[in-house]
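# Examining the three-dimensional arrangement
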Amino acid sequence: MAEPGKVSMEKIVSLSQRRGFIFPSSEIYGGLQSCWDYGPLGVELKRNVKDAWWRSVVQERDDIAGLDASILMHPQTWAASGHLEGFADPLVECKSCHLRWRSDELKDRNCPECGGELTEPRLFNLMFKTFMGPLEEEANVVYLRPETAQGIFVNFQNVLNTTRKRLPFGIAQIGKAFRNEITTGNFIFRSREFEQMEIEYFVKPGTDEEWFNYWLEERRNWYANLGIKKENLRLREHSQEELAHYARVCYDIDYQFPIGWAELEGIANRGDFDLVQHTKYSGKSLEYFDEETKEHFLPYIIEPSAGVDRSVLAFLCDAYDEDIAEGELRVVLRLHPDLAPVKVAVLPLSRREKLAELAKEIYADLRQCWVVQYDDAQSIGRRYRRQDEIGTPFGITIDFQSLEDKQVTIRERDSLDQIRVPISELRTTLAAKLSGESLFVLPPGGSIWKQGENS
Ligand code: GAP
């Protein structure tokens, strides 16, 4: 029998394609480099990640409002933000094989592919350019946004006026961003089209450090509470040379991917950089009026900026496991129930009419609450394996006894425990189990991190 092994990027890519999580974009034409399509299971997983984020930062809080700004923005936005001038990577080209590289990522002065001589570095702007309207001329140039953040800054006054929120408060947004990255790769880790989940949190200057630390803790806990192993998360402070032009301080939340430690989310103290710049370029005042002190001032901004696709990849890598279950080697995705694409599988032991009828009734009932799969093909063992591999937390088996006693068996993905429950209690039992209590128990209250841990 094969031995359980460790997670690798190859295994994640293969599982993703085999089971319909993620496919190369336009695959029938040979794919489009660094673009990816989320298949039937991937789209559920990705939606669940975004929903979990939205729930924790918007729905469950009073101090953050949501936004969905357009991808195309007034071109002046990018002059104000510094992207037109500064959002560039140093590009070098090999004089022999003509491959292009980021010179700041190269260890020596020769082409990593063929050893050929490289050109001098030149700055390459990462924004995708296109034209608004039918005329392809300079006056009509617009850009695909390289971050969602700017849509929030330009709506600061709109949200403030319409929600009448007081400082500190935040605006949250999930949406696509585009970067014409010179080097891409490692599956969905770095692509040219991706999604971000960003919060811009506006605070009174002087309280920014406190709020920065608050968000570091809050965001790190979010990943851990959704099942990411604590030893696979760490905080890393940016050096002075590394800091983006807008940032006073920045930390990355890194995840230990199979390719090594790499950024999952950046948390920056942007000071008043953005509001100063947009005031200057738009001529509109973006000041906040403090009713208590009667002062006008520009708030400082703390920005937790996460990648949806990188989070999906981290959740997949962290959940991937191989073990021996029911006497067989199995691949199992131990995804948190909130993230699992399918929550429950309905598995009748036979296709016989009476049993199938009951199983379909149960299926119809449960799918009103959750994403549920019905599977009656092949042996029950094979069906469990299929569900384990896509992370389904619970399987319901319906046997001939069920016709008599109106009870069914719930099998738990992780513990492999099986319990028998009355059909009339199935919904409530599953609801309690899916709330996560039985799968991931974290200590109540306080920080889940010991002092100095992974920081
Ligand atoms: N508004 C700040 C900002 O955009 P960033 O560190 O450039 O900061 C934030 O991006 C997050 O977006 C990253 O931590 C990462 O998760 C994700 N991200 C950035 N570039 C990406 C790319 N090319 N492919 C996939 N995700 C990316």
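Residues numbered from 1 in each chain as written. Predicted model: local features only at pLDDT ≥ 70, side-chain atom pairs only at ≥ 80, totals over all residues. Heavy atoms only, no water.

Here the focus is the side chain of Thr-409. The topology assignment puts Thr-409 in strand β22 (residues 407-412). Looking at Thr-409, its side chain comes within polar contact range of the side chain of Arg-420, at 2.9 Å. (Helix = DSSP H or I, 4+ residues; strand = E, 2+ residues; numbered from the N terminus. Polar contact = N/O pair within 3.5 Å; in protein donor to acceptor, adjacent residues only side chain to side chain.)

Computed from the structure, the largest pocket encloses a volume of approximately 1,500 Å³. Along the wall of the largest pocket there are 48 residues; nearest its centre are Arg-179, Arg-190, His-238, Glu-263 and Arg-310. Looking at the lining of the largest pocket, the elements with two or more residues in it are α4 (83-86), β4 (88-93), β10 (193-203), β11 (233-237), β12 (249-257), β13 (260-271), β16 (300-307) and α9 (308-319). The element contributing the most residues to the lining of the largest pocket is β13, with 6 residues. Residues belonging to the lining of the largest pocket are distributed by class as follows: 18 nonpolar, 10 polar and 20 charged. (1 Å grid on protein atoms, 1.4 Å probe; cavity = no way out; pocket = protein on both sides within 12 Å on 5 of 7 lines; lining within 4 Å. Points joined across faces, edges and corners; volume = space filled by probe spheres on them. Nonpolar A, V, L, I, M, F, W, Y, C, P; charged D, E, K, R; others polar.)

Glancing now at the confidence of the model for the protein chain. Averaged over all residues, the pLDDT of the protein chain is 93; the fraction at 70 or higher stands at 95%. In this model, residues 438-446 is a region of pLDDT below 50 whose contacts with residues beyond four sequence positions or in other chains number 15 contacts. (pLDDT = per-residue confidence, 0-100. Contact = heavy atoms within 4.5 Å.)

This part takes up the site of the ligand. Glu-147, Glu-181, Ser-191, Glu-198 and Glu-263 are the nearest of the 20 residues found near the ligand. The side chain of Gln-196 places a nitrogen or oxygen atom 3.0 Å from an oxygen atom of the ligand. Within the side chain of Glu-303, one N or O atom sits 2.8 Å away from a nitrogen atom of the ligand. Protein chains bury 91% of the 550 Å² of accessible surface belonging to the ligand in isolation. Taken atom by atom, the bulk of the ligand overlaps the largest pocket. If you list the elements that add at least two residues to the shell around the ligand, you get β10, β13 and β16. The element best represented in the shell around the ligand is β13, accounting for 5 residues. Of the residues that constitute the shell around the ligand, the class distribution is 5 nonpolar, 5 polar and 10 charged. (Near = heavy atom within 4 Å. Areas by Shrake-Rupley, 256 points an atom, 1.4 Å probe, with all protein chains shown as cover. Sits in = over half its atoms within 2 Å of the grid points.)

Right, let's get into empty space enclosed by the protein. Counted under the stated rule, the structure contains 1 cavity of 30 Å³ or more. Forming the boundary of the largest cavity are Leu-347, Tyr-384, Gln-387, Asp-388, Thr-392, Pro-393, Phe-394, Gly-395, Arg-411 and Arg-413. Looking at the lining of the largest cavity, the elements with two or more residues in it are α11 (380-389) and β21 (394-398). Among the elements that line the lining of the largest cavity, the one with the most residues is α11, at 3 residues.

We now examine helix α10 (residues 353-366). An α-helical turn contains 3.6 residues, so a residue and the one three or four places further along point in the same direction. Given a rise of 1.5 Å per residue, 14 residues ought to cover 20 Å, and the 20 Å separating the end C-alpha atoms of α10 matches this to within 8%. Within α10 the residues assigned to the buried category are Leu-355, Ala-356, Leu-358, Ala-359, Ile-362, Tyr-363 and Leu-366. For α10, the angular spread of buried residues about the axis comes to 165°, placing them on one side. Projecting away from the buried face of α10 at angles above 90 degrees are the exposed residues Glu-353, Lys-354 and Glu-361. Buried residues along α10 sit in contact with β19 (344-348), β20 (372-374), β21, α12 (400-405), β22 and α13 (426-434). (Expected span 1.5 Å × (residues − 1). Buried < 20%, exposed > 50% of the residue type's maximum accessible area, 1.4 Å probe, protein only. Arc of directions from axis to C-beta.)

Read from one edge to the other, the open sheet built from 3 strands follows the order β5-β4-β6, with strand pairing classed as antiparallel. Lying at the two open borders of the sheet, with one neighbouring strand each, are β5 (100-102) and β6 (122-125). Along the sheet, successive strands turn relative to each other by an average axial angle of 50°, direction set aside. As judged from the 4 bridges shared by β4 and β6, these two strands associate in the antiparallel manner. Bridge pairing in β6 links Leu-91 to Arg-122. (Pairing = 2+ DSSP bridges. Axes fitted to C-alpha atoms, helices over the stretch in contact; angles between N-to-C directions.)

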